[in-house]
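Reading the structure
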Amino acid sequence: MANIASTTASAGTEVTARALRESVFAGLITLGLFVLFVGLKTDQNIRNELILTQRWGLLAIFVIIAMVGRFLMVAYVQPWLARRKAAKAAAPEVAKEESFFSRNFSRIAIVALILYPPVIVALFGIQGSLKWVDNFGIQILIYVMLAWGLNIVVGLAGLLDLGYVAFYAVGAYSYALLSTYFGLSFWVLLPVAGLLAACWGLVLGFPVLRLRGDYLAIVTLAFGEIIRLVLINWTEVTKGTFGVSGIAKATLFGIKFDASKDGFAALMGLPISSVYYKIFLFYLILGLCLITAFVTIRMRRMPIGRAWEALREDEIACKSLGINTVTTKLTAFAMGAMFGGIAGSFFAVRQGFVSPESFVFLESAVILAIVVLGGMGSLTGIAVAAVVMIGGTEILRELAFLKVIFGPNFTPELYRMLIFGLAMVVVMVWKPRGFVGSREPTAFLRERKAVSGSFTKEGHG
Amino acid sequence: MALETTTMTMTQDPILKVEHLSMRFGGLMAINDFSFEAHRGDITALIGPNGAGKTTVFNCITGFYKPTMGMITMKQRSGKEYLLERLPDFEITKHAKVARTFQNIRMFSGMTVLENLLVAQHNKLMLASGYTVLGLLGFPAYRQASREATELAKHWLEKASLIDRADDPAGDLPYGAQRRLEIARAMCTGPELLCLDEPAAGLNPRESHALNELLQGIRRDTGTSILLIEHDMSVVMEISDHVVVLEYGQKISDGTPDFVKNDPKVIAAYLGVEDEEVEEVIEQIEEIEGGQGGTKQ
Ligand SMILES: Nc1ncnc2c1ncn2[C@@H]1O[C@H](COP(=O)(O)OP(=O)(O)OP(=O)(O)O)[C@@H](O)[C@H]1O
Ligand SMILES: [Mg+2]
């Protein structure tokens, strides 16, 4: 007994000694790093001369933070993590009985989404609900649909596409232009936009699919930029940077959502408000998302979907099994592009205005980030990631109280990308395979066992 | 007697004819004017020292390399002939019915064992699902085909004694099981010629035995011809009907296992020994042969 106590005690002092040593090192490194650009600062004085300001106090604070941080890390955090890991390894693998909630997650989520608008209207009143339905509901669902579309290309087929927003743009402009110039209705143009985007997917696919990995990523990136530049410069048709405005709204079986006497509100005997249109759009995008999910789930269980995943795992093995990898890649590209195009035409109808501004590379990056964070291939994980990412940035707008702390000039939205990046790093450290790292098999003989993320590959392009 | 004559005619019927095959990589002539025939229903072994060009021959046959020169003819049971050097890689499996495995196992490791075998039946299922469209609409033809595909997969899983691991990720299997899975997967494409690149490499004796059983079962039950690259002499001598020896891209011997193993050129080349040591090597091989004589009967 005494023996054990003494060994633990000596281990404890050893750790503390090591922590002290490392904290001194960390302090030295910090000192070295920051001495020139924190400790010394060049300023201009009144006579426009450069003078050296010395900030030893600030430098000391930096060094102390680094030393204390390192000490705490080594002395407390690391042993705690190690203990937790050991405890986890020691604990016998208990057969996890999935809770009712996690088993029926998708069903519960769908019901919740269907009930979302009435609940919000009940909570915040007709006008108050506008923000919650539009900024949160519709905005997030658009990204869910886009990410699910991109998931086919990146998550299933393993082709890294950095220019996905191009298809979104093709869909949006297809609707905007065809409805403005030819007066076609939204319901006709929705599939047309999808098909046009799919065609662009094929057009891009043909030259690009010989490339792999990084090369593919760079070329898709360039393709995305080309589409945007065409939209900016082809002014006769696209009106360039001014964008296309006054895009026709969608109708529900021919009923318009406007203030006229045969508009939706008048027909239903409701007070005139723009909320009904937003709620209608909410259900519309929800329906589109569900179709995307349905098609994706269905396709995964079909030979084409399995071929996509096999392509991600090993392209050469695919060829050796008689799979035409070119058409397989092209269908993945076209399917992903189609959903992007449909989401794009929805975007156009929701905004009533499209301009090249909306289709910058950042959008592609955000969509890809959602796919990666969610866990490549997992629809549930991606939806959760979209809620966290897009919902999170929308929430930032609501954090007015931060102005009280940081002063009136503080605009939390500007920190969006910073937080976005930070969140990505944190999630990737904590769950390198995304929220849902495991893969659902598409067929089974006896029992469906999720495939751990450590076996699946990310694809090589 | 009747059986004898049929096997005789069968062995005279070439399934694969490789003529004057040459493959050049820059300045290196990896294969130089190499010709051989594989007969229907036979297990033909392609042997040779490291770097002799065996894998390159396979890559030419299965379309992964386009040969610099030469002609590769595949003759199916139906009498249809295919010039393999002119077909793109995937069509060689799809139409010419030549399947292969790889020297370094190529598994879809993130997919389950069963899924691996279903991917191998892609072309058949694609047709049944009306190129996905009919399947998406829920036509029953696809469901039927999918059930049959699972049955075929089950059949091969049982042959490869992998049925208990059907729902596990392929990457989770031990090495020997992955080798067998790769063969089962190739068989699911319904090939007439199966090309195996060092299937016994890295196997322990028990796994090696299971592999021999599997290969002989394949030949017996399906009549699939097998072309096999192998380093392990005992495997080659035990199961093959016909051996072709390659050294520095050139054929140095071709015949029955007995003929080849007594060919001094082969012994010298394959085992890389000096002439005076050949005698010794022959003795060693005879010992091995003695051991096999017992198991064969
Ligand atoms: N793609 C390639 N490019 C250049 N040289 C190659 C290529 N593939 C093979 N070679 C060369 O061709 C020769 C034959 O290689 P190959 O892989 O066919 O040998 P092998 O008989 O299969 O050997 P092992 O028993 O080691 O598998 C080697 O010298 C190799 O370096
Ligand atoms: Mg080889």
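From a predicted model like this one, the values you see are computed outputs, not experimental measurements. (Residues numbered from 1 in each chain as written. Chains lettered and ligands numbered in written order. Predicted model: local features only at pLDDT ≥ 70, side-chain atom pairs only at ≥ 80, totals over all residues. Heavy atoms only, no water.)

Moving on, we get to the sheet that holds strand β6 (residues 98–100) of chain B. All names here are of chain B. Reading across the sheet, the six strands line up as β6-β7-β8-β3-β9-β10 and stay open at both edges, with mixed pairing between neighbours. Every interior strand has two partners, whereas the edge strands, β6 and β10 (250–255), have only one. Averaged over all adjacent pairs, the angle separating strand axes in this sheet is 15 degrees, with direction ignored. Strands β6 and β7 (193–197) of the sheet are contacted by helix α8 (residues 175–187), whose axis makes an angle of about 155 degrees with β7. (Pairing = 2+ DSSP bridges. Helix = DSSP H or I, 4+ residues; strand = E, 2+ residues; numbered from the N terminus. Axes fitted to C-alpha atoms, helices over the stretch in contact; angles between N-to-C directions. Contact = heavy atoms within 4.5 Å.)

As a further point, take the nonpolar core. Residue and element names in this part refer to chain A. With 92 residues, the main nonpolar core has Ile-285, Trp-308, Phe-346, Val-354 and Ile-370 as its most contacted residues. When residues in this core are grouped by element, the largest group, 18 residues, is from helix α4 (residues 105–156). In contact with Ile-285, not counting residues within four places along its chain, are Ile-138, Leu-141, Ile-142, Met-145 and Phe-346. (Core = buried A, V, L, I, M, F, W, Y, C linked by side-chain atoms within 4.5 Å. Buried < 20%, exposed > 50% of the residue type's maximum accessible area, 1.4 Å probe, protein only.)

This part covers the coordination of the magnesium ion (ligand 2). All names here are of chain B. For the magnesium ion (ligand 2), every protein donor is listed as Thr-55 (OG1) and Gln-103 (OE1), and the spread of their distances is 1.8 to 2.1 Å. Remark: Gln-103 occurs in the loop between β6 and α4 (113–119) and Thr-55 occurs in helix α2 (residues 54–61); sequence separation between them is 48 residues. Its relative accessible area of 33% is what places Gln-103 among the partly exposed residues. (Donors = N, O, S within 2.8 Å, 3.2 Å for Na, K, Ca; no water.)

Backbone phi values are negative for most residues with the exception of glycine, while trans is the configuration of most peptide bonds. Non-glycine residue A:Asn48 carries a positive phi angle of around 60 degrees. Residue position: A:Asn48 is located in the loop between β1 (40–44) and β2 (50–54). Backbone geometry places B:Tyr248, a non-glycine residue, at a positive phi of 45 degrees. With respect to the element layout, B:Tyr248 can be found in the loop between β9 (242–247) and β10. In this structure B:Tyr248 comes out as exposed when scored by relative accessible area, which is 66%.

In this section: the site of ligand 1. Residues and elements named next belong to chain B. Around ligand 1, a shell composed of 14 residues is seen, among which Gly-51, Lys-54, Thr-55, Thr-56 and Gln-103 lie nearest. Separating an oxygen atom of ligand 1 from a backbone N or O atom of Gly-51 is a distance of 2.8 Å. Within the contact set of ligand 1, an oxygen atom lies 3.4 Å away from a side-chain nitrogen or oxygen of Glu-198. When the free accessible area of ligand 1 is taken as 630 Å², the share hidden by the protein chains comes to 65%. (Near = heavy atom within 4 Å. Polar contact = N/O pair within 3.5 Å; in protein donor to acceptor, adjacent residues only side chain to side chain. Areas by Shrake-Rupley, 256 points an atom, 1.4 Å probe, with all protein chains shown as cover.)

Below, the discussion takes up the state of the cysteines. Within the structure shown, the criterion is met by zero disulfides over all chains. Among the cysteines around B:Cys60, which has no disulfide bond, B:Cys195 carries the closest sulfur, lying 12 Å off. (Disulfide = S-S within 2.5 Å.)

Along the polypeptide, A:Pro441 turns up in the segment after α17 (416–430). We classify A:Pro441 as buried; its relative accessible area is 2%. Once the C-alpha coordinates of A:Pro441 and A:Leu368 are considered, the two residues, 73 residues apart in sequence, prove to be 23 Å apart. Other than its neighbours up to four places away in sequence, A:Pro441 contacts A:Arg300, A:Arg448, A:Lys449, A:Ala450, A:Val451, B:Thr112 and B:Glu115.

Applying the stated criterion to the full structure yields 17 aromatic pairs over all chains. Taking the centre distance of 6.4 Å and the plane angle of 75 degrees together, the rings of A:Phe71 and A:Tyr76 count as edge-to-face. The class for A:Tyr76 is exposed, based on a relative accessible area of 52%. On the numbers, 5.4 Å between centres and 90 degrees between planes, the contact of A:Tyr175 with A:Phe186 is edge-to-face. In this pair, A:Tyr175 sits in helix α5 (residues 165–182) while A:Phe186 sits in helix α6 (residues 186–208), placing the two residues eleven residues apart along the sequence. Judged by relative accessible area, A:Phe186 falls into the buried class, the value being 2%. The structure contains a cluster of three or more aromatic residues connected by ring pairs, namely A:Tyr164, A:Phe167, A:Trp200 and A:Phe223. In this structure, B:Arg106 is placed above the aromatic ring of B:Phe102, and the distance from its NZ or CZ to the ring centre is 5.5 Å. Taking NZ or CZ as reference, B:Arg185 lies 4.7 Å from the ring centre of B:Phe108, over its face. (Phe/Tyr/Trp six-rings, centres within 6.5 Å; stacked < 30°, edge-to-face > 60°. Lys NZ or Arg CZ within 6 Å of the ring centre and 35° of its normal.)

It is worth spelling out the domain arrangement of chain B at this point. All names here are of chain B. One can read the domain layout of chain B as domain 1 (2–107 + 191–262) and domain 2 (108–172). With seven residues of domain 1 in contact, the opposing surface of domain 2 contributes eight residues. Contact with domain 2 buries surface across domain 1, with Lys-94, Met-107 and Leu-214 losing the most and accounting together for 69% of the total. Where domain 1 packs against domain 2, one counts one salt bridge. Taking the shortest distance from any N to any O, the salt bridge between Asp-221 and Lys-159 comes out at 2.8 Å. Along the contact surface separating domain 1 from domain 2 lie two residue pairs in polar contact (both at pLDDT 80 or more). Looking at which element gives the most residues to the side of domain 1 that touches domain 2, the answer is helix α9 (residues 205–222), with four residues. (Domains from an automatic or database assignment. Buried area = accessible area lost by both parts, 1.4 Å probe. Salt bridge = Lys/Arg side-chain N within 4 Å of Asp/Glu carboxyl O.)

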